[in-house]
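Coordinates in review
Here are the chains, one letter per residue:
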Amino acid sequence: MNEIKPSGNSASRILIASLVGTTIEFFDFYIYATAAVLVFPKLFFPGSDPTTSTLESLATFALAFFARPIGAALFGHFGDRIGRKATLVAALMTMGPSTVAIGLLPTYQSIGIAAPILLALFRFGQGLGLGGEWGGAVLLATENAPPGKKAWYGMFPQLGAPIGFLLSSGTFLVLGKVLTDQQFFDFGWRIPFIASALLVFVGLYVRLKITETPEFVKVIENNERIKIPVKEVLVKHTRVLVLGTLVAVTTFLLFYLMTVFALSWGTSALHYDRASFLSAQMIAMLFFALAIPLSAVIADRYGRGNMLIIASVCIIVFGLFFSVLFSAGSWPLIVSFLSIGLFLMGLTYGPIGTALAEIFPPTVRYTGASLAFTLAGILGASLAPYLGTKLAKTYGLPYVGYYLSVTAALTLVALLFARKSMQDTTSMAD
């Protein structure tokens, strides 16, 4: 076997390139999530019933998760055939323009039914880009990582999630402070969508400076590239794909319950102030960000599977106390609820990228890891705000927690089956 030669990329360049791209992508994704709760129901889905308008808006939010596997297959194909670098640039240039276009859209009052149709179309473009972004960023980091530090390198793209959320929530918070409600709904909500163009240029500049990863260079040198990577994954790596999807599903469900659903339910049913609730979520995001590197250190020392098993058990318990912590009239309790939930999110999210990347061979790794992650998004996140709202309204808030606990139990079972493959692959890679 040919020895894998180190790339010409410095560690700082690799980590910045993997982090900045996912920060931009998640910023774009989260500003939509926030607007889907606060703005779009009134401007794009006007109706006499506010609940119905919110559910219709959340349906467009879910659309991107169904676009992500298509993006994973499309960009994964080129990532495994042409290379990680070029594909990462293309993914960034797919999501960025889609986000800017949303900020320029006329509302329902101006163009009628065409407004929500175009909104759904550009939302699909967001999902398509993110479907190809995440896997490439994780591979850029892990395939350049030195022995024994794969989870540590692999957690840098994951940090883009809390950073992107802090930027998006902070932007909406500032706009809420400096603009009146009327100004915010007239034009203020458009500002973060349009301003994201500046972030895209920064990400593009950084990524054009990097070189190809050593492991993909080795695939090229050994003439091992697969003609149709997605077919290879579906036919020859079916079991790994299914297990990887189930391993990641709770990660998505927990996050979108703690962000989109919590914001919607907290400001409507529990009557918390919107700006104050966003501030509480930003505080909790710091715990999310703190848990990501912590989980990476544990994962490098004791194994990715073991770290994910611990996180899943904790999430099962958290789900049982969901409604007790998420109640009206107590800001300290709300901050504690959000902080605990997002800290647990960091514990599962930190090593998930490395774990999914390692269970697939380098020849189909971009496609395999991206598909597992995005399919988990469909199962765990696409309908999470919608189902959470329906469960809470129909059966009561405790059932939202049961929904989370049952899903985490399913992930735990998948981890018990997948742990051996993760350990074996880790030992070979490291």
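Counting restarts for each chain: residues are numbered from 1 in the order of the written sequence. Per-residue local features of the predicted model are confined to residues with pLDDT of at least 70, and side-chain atom pairs are confined, for both listing and counting, to 80 or more; whole-chain, interface and lining totals are unaffected and use all residues. In computing side-chain values, all of the structure's heavy atoms are included and hydrogens and water are not.

Some thoughts on the overall build of the protein chain
Looking only at helices and strands, the protein chain has 19 helices and zero strands in total. A globule of 430 residues ought to have a C-alpha radius of gyration of about 22 Å, and the protein chain, at 21 Å, matches this closely. In this scheme, a residue with accessible area under 20% of its type's maximum is buried, one over 50% is exposed, and one in between is partly exposed, where area comes from a 1.4 Å probe on protein chains only. Going through the 430 residues of the protein chain one by one, you find that 60% of them count as buried. Surface summary for the protein chain: the accessible area is close to 16200 Å², and the carbon and sulfur share equals 69%. Here the protein chain holds 28 positive side-chain charges and 20 negative ones, and the gap between their average locations is 2 Å. Think of it this way: any DSSP run of H or I at least four residues long counts as a helix, any run of E at least two long counts as a strand, and we number them from the N terminus. To get the radius of gyration, use the C-alpha atoms; to get the globule rule, take the number of residues to the power 0.38 and multiply by 2.2 Å. Where accessible areas are quoted, they stem from the Shrake-Rupley method and a 1.4 Å probe; at the residue level, only the protein chains shown are allowed to cover. All tallies of charge rest on Lys and Arg as positive and Asp and Glu as negative; His and the ends of each chain are not included. For the purpose of locating charges, the reference atoms are NZ of Lys, CZ of Arg, CG of Asp and CD of Glu.

Some remarks on the packing of helix H1 (residues 11–38) against helix H7 (residues 150–178)
If you want to describe how two helices pack, look at the angle between their axes and the distance between the axes. In this description, a line fitted to the C-alpha atoms serves as the axis of each element, helices being fitted only across the stretch in contact, and the angle between N-to-C directions of two axes falls anywhere from 0 to 180 degrees. Their axes nearest at 6 Å, the elements H1 and H7 cross at an angle of 40°. It follows from the interaxial angle that H1 and H7 lie oblique. Crossing geometry of H1 relative to H7 is assigned as right-handed. Ten residues, namely Ala, Val, Leu, Ile, Met, Phe, Trp, Tyr, Cys and Pro, are considered nonpolar, four, namely Asp, Glu, Lys and Arg, are considered charged, and the remaining ones, Gly among them, are considered polar. Looking at the contact of H1 with H7 residue by residue, the class counts come to 17 nonpolar, eight polar and no charged. Roughly parallel here means an angle under 35 degrees, roughly antiparallel means over 145, roughly perpendicular means 65 to 115, and every remaining angle is called oblique. Handedness of a crossing follows from how the near helix is turned relative to the far one, being left-handed for an anticlockwise turn of less than a right angle and right-handed for a clockwise one.

A few points about a nonpolar patch on the surface
Residues Val313, Val317, Leu320, Phe321, Val324, Tyr395, Tyr399 and Tyr402 make up a contiguous nonpolar surface patch of about 800 Å² in total accessible area. Elements represented by at least two residues in the nonpolar patch include exactly helix H14 (304–320) and helix H19 (398–429). Among the elements that make up the nonpolar patch, the one with the highest residue count is H14 (three residues). When you line up the elements, valine 317 lands in helix H14. The exposure class of valine 317 is partly exposed, given its relative accessible area of 43%. Each patch is built from residues lacking any salt bridge and having more than 30% relative accessible area; the joining distance is 9 Å for like charges and 5 Å for nonpolar side chains (Val, Leu, Ile, Met, Phe, Trp, Tyr). Between Lys or Arg on one side and Asp or Glu on the other, a salt bridge is scored when a side-chain nitrogen of the former is within 4 Å of a carboxyl oxygen of the latter.

A short note on the packing of aromatic side chains
Each aromatic ring pair is summarised here by two numbers: the centre-to-centre distance and the angle between the ring planes. Pairing of aromatic side chains here covers Phe, Tyr and the six-membered ring of Trp, requires ring centres within 6.5 Å, and sorts the geometry by plane angle: under 30 degrees stacked, over 60 edge-to-face, intermediate tilted. Under the definition given, this model contains 26 aromatic pairs. On the numbers, 5.9 Å between centres and 75° between planes, the contact of tryptophan 189 with phenylalanine 193 is edge-to-face. By relative accessible area, which is 0% here, tryptophan 189 ends up buried. With a centroid separation of 6.5 Å and 70° between ring planes, the pair formed by phenylalanine 261 and phenylalanine 326 is classed as edge-to-face. Here phenylalanine 261, found in helix H12 (residues 238–268), pairs with phenylalanine 326, found in the loop between helix H15 (322–325) and helix H16 (331–358); they are 65 residues apart in sequence, far enough to count as distant.

Points about helix H9 (residues 190–207)
An α-helix turns once per 3.6 residues; consequently, residues spaced three or four apart project the same way. With 18 residues, H9 extends 27 Å between its outermost C-alpha atoms, agreeing within 8% with the 26 Å of an ideal straight helix rising 1.5 Å per residue. Of all the bends in H9, the greatest measures close to 25° and is centred on alanine 197. Those residues of H9 that fall on the buried side of the exposure criterion are Arg190, Pro192, Phe193, Ser196, Val200, Gly203, Leu204, Val206 and Arg207. Packing partners of the buried residues in H9 comprise H1, helix H2 (40–43), helix H4 (84–103), helix H6 (114–142), H7 and helix H8 (181–188). Here the expected span of a helix is defined as 1.5 Å times the quantity of residues minus one. What is called the bend at a residue is the angle between a pair of axes, fitted to the seven residues leading up to and ending at it and to the seven starting from it. Here, residues are in contact when the closest pair of their heavy atoms is within 4.5 Å.

Digging into the packing of H8 against H9
Here H8 crosses H9 at 40°, and the two axes come no closer than 7 Å. The orientation of H8 with respect to H9, classified from their angle, is oblique. Contacts between H8 and H9 involve Asp186, Phe187 and Gly188 from the former and Arg190, Ile191 and Pro192 from the latter.

Notes on the pattern of salt bridges
All told, the structure shown has nine salt bridges when counted by the stated rule. The salt bridge partner of arginine 365 is glutamate 143, with a shortest N-O separation of 3.2 Å. With arginine 365 in helix H17 (residues 365–382) and glutamate 143 in the loop between H6 and H7, the pair connects residues that are 222 residues apart, well separated along the chain. For arginine 365, the salt bridge identified is with glutamate 215, shortest N-O distance 2.8 Å. Remark: glutamate 215 occurs in helix H10 (residues 214–221) and arginine 365 occurs in helix H17; sequence separation between them is 150 residues. A single burial state applies to arginine 365 and to glutamate 215, both of which are buried. Members of the salt-bridge network, linked through shared partners, are Asp80, Arg84, Glu143, Lys150, Glu215 and Arg365.

Describing the confidence of the model for the protein chain
Parts of the prediction with low pLDDT should not have their coordinates interpreted in detail. Put simply, the protein chain has an average pLDDT of 86, and 95% of its residues get 70 or more. For the stretch residues 424–430, pLDDT sits under 50, and the model shows 11 contacts to residues farther than four places along the chain or on other chains. pLDDT is a per-residue confidence score from the predictor, ranging from 0 to 100.

Side note on unusual backbone geometry
Across the chain, the bulk of peptide bonds are trans and the bulk of non-glycine residues have phi less than zero. Of note, the phi angle at asparagine 223 is positive, near 55°, even though the residue is not glycine. Mapped onto the secondary structure, asparagine 223 falls in the loop between H10 and helix H11 (229–236). Phi at histidine 271 takes a positive value of approximately 65°, unusual for a residue other than glycine. Along the chain, the position of histidine 271 falls in the loop between H12 and helix H13 (274–302).

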